[in-house]
Amino acid sequence: MKLVTFYGSRGLRIVRGEGQYVWDDHGEKYLDLHSGHGVAFLGHRNPKVVEHLKRQLDNIMTLTTAFDIDVRDEMLREIDVLKPDGMDNIFLLNSGTEAVELSLKAARKITGRKKFVAFKNSFHGRTMGSLSVTWNKKYRDPFEPLISPIEFLDFNDIDGLKKLDNSTAAVIFEPVQGEGGVIPATQEFAKALREETEKKGILLISDEVQSGFGRTGKVWAYQHFSIKPDILTAGKAIGGGFPVSAVFLPDHIAEKLGEGDHGTTYGGNPMALAAVKAASEVLKEEKVPEQAAIKGNTFIKMIKEALVDFRSVREVRGLGLMIGVDLRLNPGTTIKVLQDNRVLSLKAGLSTVRFLSPYVISNQDMEWAVDALRKGIAETEGKKAS
Ligand SMILES: Cc1ncc(COP(=O)(O)O)c(C=O)c1O
């Protein structure tokens, strides 16, 4: 039997993970700045998450949301102080793309409008709805026709927002574009986007599947921009490693969604509830966003300083611990050399090396990563690091 896989093999067999590290079957230790596409932001096997999951495992693993259960009430209490502004409702699903699907469905139902607007370089997932608002043609084209109408505008282009019209149900955006190349929105753009959507009765969906839950230095990435979205999608980090995603909604939207509008067999199962509850506790107790902000600043500064001599480096950018090193060359070799030096990273866009670090990363780890990065870029440029 063969596994169908849509990701190229990294050629490593991983046997264990702890904190910011994973180990291969030869006992080699790696600094994991890939973190399973950003999932292990709270560290591999975060002790609190493991403890709550084990306890839940001994209790009950599966239960539909039609039945009440204490762990759900506990999760709701824990996440209440973390909720996005004015969003008193949460619905749990199992993956980022599912959260995006529900947000799109909700927008159509609430507004009665059909059209969605997204941005160039966006990534929102790979099921038919989320794929429709994902920019990369390579992902979309084989599966056309997708849902319509969809329009893609230029990210961070304020003038382009004039094209928004009142047939649009929602604009979906990433406060920091992740897969597209780690590109933060500008303050002016985020503000103009909110103003323009509000004026035209268009819902604003903040897709924070990658950027949310502390990674950028705030609990939610939109909070960097003094705006309030109407709907927020979260995933990856919110389960501390357990597969779970969420859609946050204000009352006026949640109240208009009723029985039959959506559903999920696994969504909100007791294990996911225990995971989100534990992850929320960790976020608060360990002041994770604050740590991500401080460590992210340190890491970006170290990277910038270490790469000043490299002509192939176009830009080092990011927010908190969501960091991209944009190159003028294909980043494949750099990512390979990083891995040879025991640092796992991932690609974003066509030319960016992306670090999605667990928040527990130390200064020593950063030095390790920066050293490996210099070697990687030197090899990419075809010369040895001095
Ligand atoms: C912003 C954003 N939205 C949605 C998704 C899709 O999430 P998933 O792969 O869990 O379906 C991703 C995944 O990388 C993402 O970065």
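Keep in mind the model is a prediction, meaning the values are calculated, not measured.

Trainee: Explain the overall build of the protein chain to me, using residue names and the numbers behind them.
Mentor: The helix and strand inventory of the protein chain stands at 12 helices and 17 strands. Taking 21 Å as the expected radius of gyration for a compact globule of 386 residues, we find that the protein chain reaches 21 Å, a close match to that expectation. Each principal axis of the C-alpha atoms in the protein chain carries an extent, and together these give about 60 × 55 × 45 Å. Burial analysis of the protein chain (386 residues in total) assigns 51% to the buried set. Taking all contacts inside the protein chain whose residues are at least 6 apart in sequence as the whole, residues at least 24 apart take part in 74%.

Trainee: Could you give me a rundown of the sheet that holds strand β3 (residues 29–32), with the residues and numbers involved?
Mentor: Read from one edge of the open sheet, 4 strands run β1-β2-β3-β15, paired in mixed fashion. Of all strands in the sheet, those bounded by a partner on one side alone are β1 (14–18) and β15 (343–344). As paired strands, strand β2 (residues 21–24) and β3 are joined by 3 bridges and run antiparallel to one another. When the sheet's bridge partners are listed, Trp23 is paired in β3 with Lys29.

Trainee: Can you lay out the domain arrangement of the protein chain for me, pointing to particular residues and giving the numbers?
Mentor: Domains assigned within the protein chain are domain 1 (14–45 + 287–380) and domain 2 (47–285). Distance between the C-alpha centres of domain 1 and domain 2: 25 Å. Taken together, the contacts link 27 residues of domain 1 with 28 residues of domain 2. At the level of secondary structure, the elements contributing two or more residues to the side of domain 1 that touches domain 2 comprise α1 (35–38), α10 (288–306), β13 (313–319), β14 (322–327) and β17 (352–356).

Trainee: Any chance you could break down the site of the ligand for me, citing the residues and the numbers?
Mentor: In the region of the ligand, 15 residues are neighbours, and Gly96, Thr97, Gly125, Val209 and Gln210 sit closest. For the shell around the ligand, the element with the highest residue contribution is helix α4 (residues 96–111), accounting for 3 residues. By residue class, the composition of the shell around the ligand is 3 nonpolar, 9 polar and 3 charged.

Trainee: Now, about the packing of helix α2 (residues 47–57) against helix α9 (residues 270–285): what can you tell me, with residues and values included?
Mentor: Two numbers describe how α2 lies on α9: the axes approach to 8 Å, and their chain directions differ by 155°. With respect to α9, the element α2 is oriented roughly antiparallel. Crossing of α2 over α9 shows right-handed handedness. Taking contact as the criterion, the partners of Lys48, Val49, His52, Leu53 and Gln56 in α2 are, on α9, Pro270, Met271, Ala274, Ala275, Lys277, Ala278, Ala279, Glu281 and Val282.

Trainee: So what's going on with the UniProt feature "binding site: substrate" (unreviewed entry) in the protein chain? Which residues, and what values?
Mentor: On the UniProt side, "binding site: substrate" (unreviewed entry) is annotated at positions that read Arg126 and Thr264 here. In this structure, Arg126 sits in the loop between β5 (115–119) and α5 (128–132). Among residues more than four places away in sequence, those in contact with Arg126 are Thr97, Leu131 and Tyr139. Within the secondary structure, Thr264 sits in the loop between α8 (251–254) and α9. Apart from the residues lying within four places of it in its own chain, the contact partners of Thr264 are Leu93 and Asn94.

Trainee: For the pairing of β2, give the residues involved together with the corresponding values.
Mentor: Where β1 and β2 come together, 4 bridges link them in antiparallel fashion. Its bridge partner lying in β2, Ile14 is registered against Asp24. In this antiparallel pair of consecutive strands, β1 and β2, the connection spans 2 residues, and Gly19 shows a positive phi of 60°.

Trainee: Go over helix α3 (residues 70–80) with me, naming the residues and quoting the values.
Mentor: Looking at α3, one finds that the buried residues are Val71, Arg72, Met75 and Ile79. Looking straight down α3, one finds that the buried residues subtend no more than 100° of arc, so they occupy a single side. Seen from the open side of α3, the exposed residues pointing more than 90 degrees away from its buried face are Asp70, Asp73, Arg77 and Asp80. Contacts from the buried residues of α3 go to α2, β4 (89–93) and α9.

Trainee: Can you lay out the environment of Leu53 for me, pointing to particular residues and giving the numbers?
Mentor: Tracing the backbone shows Leu53 in helix α2. For the pair Leu53 and Ala274, spaced 221 residues apart in sequence, the C-alpha separation works out to 6.0 Å. Among residues more than four places away in sequence, those in contact with Leu53 are Phe242, Met271, Ala274 and Ala275.

Trainee: How would you explain the UniProt feature "binding site: pyridoxal 5'-phosphate" (unreviewed entry) in the protein chain if you had to name every residue and give the values?
Mentor: UniProt feature "binding site: pyridoxal 5'-phosphate" (unreviewed entry): in the numbering of this structure it lies at Gly96, Thr97, Phe123, Asp207, Glu208, Val209, Gln210 and Thr265. In sequence the annotated residues extend across 170 residues, and in space they extend as well, their farthest C-alpha pair lying 25.4 Å apart. Residue Gly96 is classed as buried on the basis of its C-beta count, with 27 C-beta atoms lying within 10 Å. Residue Glu208 is classed as buried on the basis of its 32 C-beta neighbours within 10 Å. Residues contacting Glu208, with those up to four places away along its chain left out, are Pro175, Trp220, Ala221, Leu232, Thr233 and Ala234.

Trainee: Outline the sheet that holds β13, listing residues and values.
Mentor: Taken together, 4 strands build an open sheet; the order of strands is β13-β14-β17-β16 and the sheet is antiparallel. Every other strand in the sheet has two partners, leaving β13 and β16 (346–348) as the edge strands with one partner each. Neighbouring strand axes in the sheet, compared pairwise and without regard to direction, differ in orientation by 30° on average. Sheet topology note: the β13/β14 ladder contains 6 bridges and is antiparallel. Bridging from a neighbouring strand, Leu319 pairs with Met322 of β14. The sheet contacts of α10 involve β13 and β14, and relative to β13 the element is tilted by about 175°.

The rules behind the values
Residues numbered from 1 in each chain as written. Predicted model: local features only at pLDDT ≥ 70, side-chain atom pairs only at ≥ 80, totals over all residues. Helix = DSSP H or I, 4+ residues; strand = E, 2+ residues; numbered from the N terminus. Rg over C-alpha atoms; globule rule 2.2 N^0.38 Å. Buried ≥ 20, exposed ≤ 12 C-beta atoms within 10 Å, placed from the backbone. Contact = placed C-beta atoms within 7 Å. Pairing = 2+ DSSP bridges. Domains from an automatic or database assignment. Near = placed C-beta within 6 Å. Nonpolar A, V, L, I, M, F, W, Y, C, P; charged D, E, K, R; others polar. Axes fitted to C-alpha atoms, helices over the stretch in contact; angles between N-to-C directions. Parallel < 35°, antiparallel > 145°, perpendicular 65-115°, else oblique. Left-handed = near helix turned anticlockwise from the far one by under 90°. UniProt positions renumbered as here; feature names shortened; annotations may be inferred. Arc of directions from axis to C-beta.

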